[in-house]
Amino acid sequence: MSTTDTETKPAYSPGLAGVVAGETEICWVDPNAGLMYRGYDIHEMAEKANFEEVAYLLLNGELPTIEQGAHFSQALAAERSLPKEVLEMMRLLPQNTHPMDMLRTGVSMLAPFDPDLNDNSHGANIRKAIRLIAKVTTLIADGYRIRRRENPLPERPDLTMAGNLFYKLSGEVPAAWKIRMMDTIFILYADHEFNASTFAARVTASTLADMYAAVTSACGTLKGPLHGGANEESMKMLDEIKTPERAEGWMMDALAKKAKIMGFGHRVYKAGDSRVPIMREIGRDLGKRSGKEQWIPICENLEATMEREKKLCANVDLYAAPVFTMLEFAPELNTPIFAASRVAGWCAHVVEQQDNNRLIRPRSLYTGPAARPYKAAASSNGA
Ligand code: ACO
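Model, not experiment: these values are computed from the prediction.

Draft legend 1. How the structure looks around the overall build of the protein. Scanning the protein for helices and strands turns up 16 helices and 3 strands. The principal-axis extents of the C-alpha atoms in the protein amount to approximately 75 × 55 × 50 Å. Scored against the burial criterion, the 383 residues of the protein give a buried share of 52%. The long-range fraction of contacts in the protein, counting pairs at least 24 apart against all pairs at least 6 apart in sequence, stands at 75%. Here the protein contributes 44 positive and 48 negative side-chain charges, whose respective centroids are spaced 6 Å apart.

In structure tokens:
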């Protein structure tokens, strides 16, 4: 009898495609181009809400009252600064450290500074979530300045998270429309049910490890180009294409070479990514304001060619890439900006996981050799 004969073959779906790995009340991704946060349509939220409200909703299940919202925003603003040891650590990293690696290392190092670290109760988890949501933006902005051998700037508690991010990177408070635009982008990226990084966070949380461990796992997972890293890679592609007229030919060449095109395809969406129309509109608006009107038509020509050739839809990262460029963020900040928003979703999922926990531990399908007897080592040259 072989080792595999002792049990029936388990069902297997490569990449866990189509597998329901848990329940959640936080977010629903509708394969037919829809997205809801706790029952609220993302399109309505992007138009009417601000990011702080959305973060509160994801964590607490309901939209805040005016007082709850003000209190939550103040709590976030009060938690932004980093321990000086974390700033010192970032100064020790090699200058070419990628901002996502800085962020992951920074989140990990923040853990022992949190007085609630090993308390996974609901209340302690919400307190940790507020600290993490507040500090991730600071890790990104301070890390970026340190990497450029510039000093981090002091926090501006009078600014929202979006406004503070611009200020901390550039030293300038941008126009109100720019802050509003960033808020909308943050809302679009805030959660997406069991995407790879959130799932990684939930797996870590399910061992009853702490929220910082879970968010560290999530940061590591987001970095990959098949997930959050796609918005940095998409910009390299658009830079190479340069003009709308070259987009179709570029895509045909890339498809002929069987290349994976960044910013296209999605595991769940088959009738379009719900976030794309809003991100595309932001891109058009920014194109007019900045005079860089080539980027969105390049994306649209790529989309049309991909639809015709492979029936694959664009995902949000295709349009996020030029949007971030037109907002004057360096391309290596594209994925960290995604993280600045998604940390709200990660934390909400950790809270939900630990409030009703069961260890996440799937099976694998063994495909190795059948049982065989141990053989004592012999010399490989036969001597
Ligand atoms: N470029 C070219 N072909 C693609 C692409 C792509 N971007 N995406 C999927 N395909 C092809 C596959 O090669 C496959 O073709 P085949 O049937 O001839 O082998 C077919 O479409 C089905 O694709 P799957 O591999 O089953 O898609 P899967 O669900 O495993 O992967 C993923 C989804 C990882 C997003 C994939 O589409 C991809 O790699 N996209 C590029 C990276 C990217 O943009 N990631 C961002 C995702 S959204 C986000 O994280 C915010």
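Having seen the model, we can carry on.
Draft legend 2. Spatial organisation of the side chain of S206. By secondary structure assignment, the location of S206 is in helix α9 (residues 196–206). Owing to a relative accessible area of 2%, S206 belongs among the buried residues under this scheme. A polar atom in the side chain of S206 sits 2.8 Å from the backbone oxygen of V203. Non-local contacts of S206, meaning those with residues more than four positions away in its chain, are made with Q353, N357, R358, L359 and I360.

Draft legend 3. Here's a closer look at the domain arrangement of the protein. On domain assignment, one finds that the protein holds domain 1 (23–176 + 191–224 + 332–355) and domain 2 (230–326). The C-alpha-based centres of domain 1 and domain 2 are spaced at 26 Å. Interface of domain 1 and domain 2: buried area, both sides summed, is about 1300 Å²; carbon and sulfur atoms make up 57% of it. In this assembly, domain 1 and domain 2 are joined by 7 residue pairs in polar contact (both at pLDDT 80 or more). Of all the secondary structure elements, the ones that give two or more residues to the side of domain 1 that touches domain 2 are β1 (27–30), β2 (34–37), α1 (42–48) and α16 (334–355). It is α16 that provides the largest number of residues to the side of domain 1 that touches domain 2, a total of 5 residues.

Draft legend 4. Just the nonpolar core, in detail. Membership of the largest hydrophobic core comes to 114 residues, with the highest contact counts inside it found for Y37, M182, L302 and F329. Take this core: its biggest share by element is 12 residues, from helix α6 (residues 122–147). Ignoring sequence-local partners within four residues, the contact set of F329 consists of L165, F166, L169, M182, F324 and I337.

Draft legend 5. Summary view of the packing of aromatic side chains. For the structure shown, the criterion picks out 7 aromatic pairs. A ring pair is formed by F324 and F329, whose centres lie 6.2 Å apart and whose planes are at 80 degrees; its orientation type is edge-to-face. By relative accessible area, which is 0% here, F324 ends up buried. Classification of F329 as buried rests on a relative accessible area of 6%. Among the aromatic residues, those joined into a ring-pair cluster are F166, Y189, F324, F329 and F338. Sitting over the ring of Y167, R156 keeps its end group 5.2 Å from the ring centre.

What counts and how
- Residues numbered from 1 in each chain as written.
- Predicted model: local features only at pLDDT ≥ 70, side-chain atom pairs only at ≥ 80, totals over all residues.
- Heavy atoms only, no water.
- Helix = DSSP H or I, 4+ residues; strand = E, 2+ residues; numbered from the N terminus.
- Buried < 20%, exposed > 50% of the residue type's maximum accessible area, 1.4 Å probe, protein only.
- Contact = heavy atoms within 4.5 Å.
- Lys, Arg positive; Asp, Glu negative; His and termini not counted.
- Charge placed at Lys NZ, Arg CZ, Asp CG, Glu CD.
- Polar contact = N/O pair within 3.5 Å; in protein donor to acceptor, adjacent residues only side chain to side chain.
- Domains from an automatic or database assignment.
- Buried area = accessible area lost by both parts, 1.4 Å probe.
- Core = buried A, V, L, I, M, F, W, Y, C linked by side-chain atoms within 4.5 Å.
- Phe/Tyr/Trp six-rings, centres within 6.5 Å; stacked < 30°, edge-to-face > 60°.
- Lys NZ or Arg CZ within 6 Å of the ring centre and 35° of its normal.

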